[in-house]
Amino acid sequence: MKKCILLSLLLFSAYTCVSTQKNQPQNLVSTVTKNPILPLFTFTINNNEEYFISISGPYIVRNCNNSLPRPIVPCDSAACVLAGTFNPHQCPLTQNIITQRGCVCQATAFEPFKRICNSNQFTFGNFSMSTLNPKSPSVTFNNLNYLCIPQPFLADFPPGVFGLMGLSPTPLAGWNQLTPPRLGLEKKFALCLPSDENPRNKGAIYFGGGPYMLRNVDARSMLSYTRLIRNPRKRNTYFVRLYDISVNNKKILLARNTFDFDSNRDGGVALSTATFYTTLRSDIYKVFTEAFLEATSDIPRVSNTTSLEFCYKSTTNFQVPRIDLSLADEKIWTFFAANSMRKVSDAETCLAFVNGGNAPEQAVVIGLYQMENTLMEFDVGRCVFGFSSSLGLVNSSCGDFQTRL
């Protein structure tokens, strides 16, 4: 596998250095909660602050009171240069400001639900998280860089959501600020996002690798790995290489380069925690749904009552064909009914894929619904993405991961 070229080493100035802590953990862990208002997942930092998990966010974004003074990140520092380099591609370039205290670094955040940008001071502060190490049940890391945003920017977020944890493949992402020299964690993180079928509505997020104990089993043994690929124009996004889509073990007929980047670096297959249902460009969606309708021709259709286009009458023995994504390195990501069909009522179940239009930024965006109740590992150090099948196949759920001592 070719070496992945990522700017994953943080070149911080002295003010961000921390002393080495004894009994440093091998990983950090927190419980993930599905929000009932917006299609987002959060986890807890600093004991009671909930952060939205954004795998395309280039850095941490935190609610701040603009009237309070905060530490300055100098404009000529490595951290400020990196913040500007990995500015969200949806937003204009950020301009630093000059004050009586000198040149103050500014950065920009992209709010994915209303699709708005907001700039403010880039600063640093302390954060803490829990571990599974009995000798060090929690750890505080000092001087993590983050973007300070006043409340109006996150006004439409559900109550209690304090900020956004950017986990993109970039130097200032939350996962990368926990690696050496600050903290000795590996360059990876893992997610298990709970589904509505999980009565506890809880999942897990790990920083620094496994083990990921699912009851008494290390769930790393369930993972298949495919390479992550870079898009120089959209460096904040995780992409995977997709070759084919199959419905009921039959490949749908598409051109060989359907899922490739075009000359403008649009297209490709992205992973997103800000898109609920997997989204397919119109030409892909048309062929895919035709194949699915043919494979489900014996199931009674009903009129849709949601944004999902193709809906069926729910029955006791409701069964639909599997959907397979053929990825690089000869890996198959399979979606069974739990991740391909959305039950919208006792009488109605709908295909949980949507039409992205004729000219979306990506050919395919794999969304949250297809990720739910699945273990995913983003091993950025090795530039690979690990995924399991639905944990329901082994009579488990994301709520079964150990997240507390």
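About the cut-offs
- Residues numbered from 1 in each chain as written.
- Predicted model: local features only at pLDDT ≥ 70, side-chain atom pairs only at ≥ 80, totals over all residues.
- Heavy atoms only, no water.
- Helix = DSSP H or I, 4+ residues; strand = E, 2+ residues; numbered from the N terminus.
- Contact = heavy atoms within 4.5 Å.
- Pairing = 2+ DSSP bridges.
- Axes fitted to C-alpha atoms, helices over the stretch in contact; angles between N-to-C directions.

(A) Structural detail: the environment of Gly 356. Tracing the sequence through the fold places Gly 356 in the loop between strand E27 (353–355) and strand E28 (364–366). Those residues in contact with Gly 356 that sit more than four places away from it in its chain are Thr 279 and Leu 280.

(B) Focus on unusual backbone geometry. Omega for the bond connecting Pro 180 with Pro 181 falls within 30 degrees of zero, at 5°, which places this linkage in the cis form. Residue Pro 211 follows Gly 210 across a cis peptide bond; omega there is 10°. Position of Pro 211 relative to the elements: it lies in the loop between strand E12 (202–207) and strand E13 (213–214). Of note, the phi angle at Arg 215 is positive, near 55°, even though the residue is not glycine.

(C) Representation of the sheet that holds strand E22 (residues 311–313). Taking strand neighbours across the sheet as the criterion, the four strands line up as E21-E22-E26-E25 in an open arrangement whose pairing is antiparallel. Edge positions in the sheet fall to strand E21 (301–302) and strand E25 (341–345), since each has one partner strand and no second. Sheet analysis places E21 next to E22, joined by two bridges and oriented antiparallel. Paired with Val 302 across the bridge in E22 is Cys 311. Each of E21, E22, E25 and strand E26 (348–351) is contacted by helix H2 (residues 282–295), which is oriented at about 140° to E26, the strand it contacts most.

Such coordinate-based values are descriptive only and should not be taken to indicate function.
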